[in-house]
Protein chains: 2
Amino acid sequence: MAQASLSRAEFEAALRALAPRYWDRHPFHRRLHAGDCTPGEVRSWVANRWYYQQILARKNAAVIANCPLPDVRRRWLERVTFHDGARDGEGGRADWLVLADAVGLAREELLDERHVARGTRFAVDGYLHFCLHRPWLEAVAAALTELFSPELMAARVLAWRRHYDWIKPEGYAYFENRIPVVRGDAAYTLDLVLTLCRTADEQQAAVRALAFKCDVLGAMLDAIDYQGGVA
Amino acid sequence: MAQASLSRAEFEAALRALAPRYWDRHPFHRRLHAGDCTPGEVRSWVANRWYYQQILARKNAAVIANCPLPDVRRRWLERVTFHDGARDGEGGRADWLVLADAVGLAREELLDERHVARGTRFAVDGYLHFCLHRPWLEAVAAALTELFSPELMAARVLAWRRHYDWIKPEGYAYFENRIPVVRGDAAYTLDLVLTLCRTADEQQAAVRALAFKCDVLGAMLDAIDYQGGVA
């Protein structure tokens, strides 16, 4: 007998129930926001996360490549542009370079990826592969970590300003630009997933996709924590 | 012993040498431009080509998803927008719907894909799969049929106006909008391929990719010709 699908409210609750798996509760993240990380650990986090930031335009393009709905493709294109910018020196990638400068990480050390842990590489490459090769709605559902991220980013800026006075304040541009956009993106993404995942199988696949994405992020922090700070 | 790579000029010549494999010389295309196709055959061509038009935004997004160079991604994004439009009712897809109306093909018959030959489906799906799964520079090289297409599209508009007075002239918007864009795109794509494919292996892969793409287009015309006109 085919399993019954969840109501829209039940399905949303099942997605939101993954909140404890989101990386805000990771021991490294708790230390990062409590002011207990060394400058070298903050730099390591920035360098590892750069590897993730770099694939965001591409994983969003993968959603578009696999999506048969023109309206969704058009809307999703804004995310590619958000990260890559309309021109060189603009967009999320460029803002992350500013953050790297602000935490005292040399541009060369960021770009040559010397501080990127192998665990970060496998997790991030796995995420891009997932978005390229899984059904597009699962890649969309994986983006639902943005349900949890605006609060975390807002808390990060406050915590870092308080605890790490050695970080130049212009470094926060990425988070300040991203927070309002993510709130809008999250509402759109959630509506898309709740509306288009109708069968029990599709709903379960969406929940699994979000759990997978939480594991991508968690595996990055595991690898960063294990590796220790940048010398 | 590793094979020597071609000079830039030799490599360009090798790519251009594929011109005879382009679909302009296909018997169906010759009849189409000579005024020898029935209205049903013209409609069949429009309906089958719709299936191809529909994946163009997606295959271009696949290039972006696989490309590690932000400058190339930003430039390639214009192609996604060209086909999907900035909003509903704009862009190449919308222009193709106008062409369908102009040749007397009911919107419903176009959208339900009833006239799409199975050979068209396999060829076009194969092209999207190629762009998703092969190295991004091969997908870029496959786009080099645009070296040959502006002349063909310009000739088509002239030939159709002369031979098929039953086609409404507003139907030519797609070709009229596409021709100037393709000329610019072709120059950019050619420079990219000539510059970035350096080894003999990479150059040969690019030539094979362009031959493959010619076969995608040729297989569509084979299937259309075999199937005959729309009733």
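Residues numbered from 1 in each chain as written. Chains lettered and ligands numbered in written order. Predicted model: local features only at pLDDT ≥ 70, side-chain atom pairs only at ≥ 80, totals over all residues. Heavy atoms only, no water.

**A closer look at the environment of Asn177(A)**
Residues and elements named next belong to chain A.
- Turning to its location among the elements, Asn177 is positioned in helix H10 (residues 173–196).
- A relative accessible area of 37% places Asn177 in the partly exposed class.
- Note: C-alpha distance between Asn177 and Glu109 (68 residues apart in sequence) is 25 Å.
- Not counting chain neighbours up to four residues away, the residues in contact with Asn177 comprise Phe82 and Asp95.
- Separated by 2.9 Å, the side chains of Asn177 and Asp95 make a polar contact. (Helix = DSSP H or I, 4+ residues; strand = E, 2+ residues; numbered from the N terminus. Buried < 20%, exposed > 50% of the residue type's maximum accessible area, 1.4 Å probe, protein only. Contact = heavy atoms within 4.5 Å. Polar contact = N/O pair within 3.5 Å; in protein donor to acceptor, adjacent residues only side chain to side chain.)

**Observations regarding the nonpolar core**
- One finds Trp45(A), Trp160(A), Trp45(B) and Trp160(B) to be the most contacted residues of the largest nonpolar core, which totals 168 residues.
- If sequence neighbours within four positions are ignored, Trp45(B) has contacts with Phe28(B), His29(B), Leu32(B), Trp96(B), Arg156(B), Trp160(B), Phe175(B), Leu221(B) and Ile224(B). (Core = buried A, V, L, I, M, F, W, Y, C linked by side-chain atoms within 4.5 Å.)

**As for the confidence of the model for chain A**
- Here chain A shows a mean pLDDT of 96. Residues at 70 or above account for 100%.
- In the model output, the complex is listed with pTM 0.93 alongside ipTM 0.90. (pLDDT = per-residue confidence, 0-100.)

**What about the relation of the copies chain B and chain A?**
- Aligned on chain A, chain B shows an RMSD of 0.0 Å; the corresponding rotation is 180° and the shift along the axis is 0.0 Å. A rotation of that kind, with that shift, is consistent with a two-fold axis. Using C-alpha coordinates, one finds that chain B approaches the rotation axis most closely at Ala61(B), a distance of 2.6 Å.
- When you check the interface residues of chain B against chain A, 100% turn up at the interface there too, and the contact is symmetric in its surfaces. (Least-squares fit on C-alpha atoms with pLDDT ≥ 70 in both.)

**Considering the interface of chain B and chain A**
- Contacts between chain B and chain A engage 26 residues on the former and 26 residues on the latter.
- Of the roughly 2,000 Å² buried between chain B and chain A, counting both surfaces, carbon and sulfur atoms make up 54%.
- Counting across the chain B and chain A interface gives four salt bridges.
- Summed over the shared surface of chain B and chain A, the number is nine residue pairs in polar contact (both at pLDDT 80 or more).
- Of the residues assigned to the side of chain B that touches chain A, the class counts are 13 nonpolar, five polar and eight charged. (Buried area = accessible area lost by both parts, 1.4 Å probe. Salt bridge = Lys/Arg side-chain N within 4 Å of Asp/Glu carboxyl O. Nonpolar A, V, L, I, M, F, W, Y, C, P; charged D, E, K, R; others polar.)

**With respect to the side chain of Ser149(A)**
Residues and elements named next belong to chain A.
- Along the chain, Ser149 turns up in helix H9 (residues 149–163).
- For Ser149, a relative accessible area of 9% corresponds to the buried category.
- With sequence-adjacent residues up to four places away left out, Ser149 is seen in contact with Tyr22 and Val182.

**A closer look at the packing of helix H9 (residues 149–163) of chain B against helix H10 (residues 173–196) of chain B**
Residue and element names in this part refer to chain B.
- At their nearest, the axes of H9 and H10 sit 9 Å apart, and the two run at 160° to each other. By the angle between their directions, the pair H9 and H10 is classed as roughly antiparallel. Of the two elements, H9 crosses H10, and the hand of that crossing is left-handed. Residue-level contacts link Ser149, Pro150, Glu151, Met153, Ala154, Arg156, Val157 and Arg161 of H9 to Phe175, Glu176, Arg178, Ile179, Val182 and Arg183 of H10.
- Of the residues assigned to the contact of H9 with H10, the class counts are seven nonpolar, one polar and six charged. (Axes fitted to C-alpha atoms, helices over the stretch in contact; angles between N-to-C directions. Parallel < 35°, antiparallel > 145°, perpendicular 65-115°, else oblique. Left-handed = near helix turned anticlockwise from the far one by under 90°.)

**Side note on the packing of aromatic side chains**
- Counted by the stated rule, this structure contains 28 aromatic pairs over all chains.
- An angle of 20° between the planes, with centres 6.4 Å apart, marks the rings of Tyr52(B) and Tyr127(B) as stacked. Of this pair, Tyr52(B) sits in helix H3 (residues 39–66) while Tyr127(B) sits in helix H7 (residues 118–133), and the two are 75 residues apart along the sequence.
- With a centroid separation of 6.1 Å and 85° between ring planes, the pair formed by Trp160(B) and Tyr164(B) is classed as edge-to-face.
- Classification of Trp160(B) as buried rests on a relative accessible area of 0%.
- A connected cluster of aromatic rings, assembled from ring pairs, spans Trp45(A), Phe82(A), Trp96(A), Trp160(A), Tyr164(A), Trp166(A), Tyr172(A), Tyr174(A) and Phe175(A).
- The aromatic ring of Phe82(B) is capped on one face by Arg178(B), whose charged end is 4.4 Å from the ring centroid. (Phe/Tyr/Trp six-rings, centres within 6.5 Å; stacked < 30°, edge-to-face > 60°. Lys NZ or Arg CZ within 6 Å of the ring centre and 35° of its normal.)

**Details of the pattern of salt bridges**
Residue and element names in this part refer to chain A.
- Considering all chains together, one arrives at 39 salt bridges over all chains under this definition.
- Residue Glu12 is joined to Arg16 by a salt bridge in which the shortest nitrogen-to-oxygen separation is 2.9 Å. A residue pair is termed a helical-turn pair when its members lie 3 or 4 positions apart in one helix, as Glu12 and Arg16 do in helix H1 (residues 8–16) at four residues.
- Overall, the relative accessible area of 26% leaves Glu12 in the partly exposed class.

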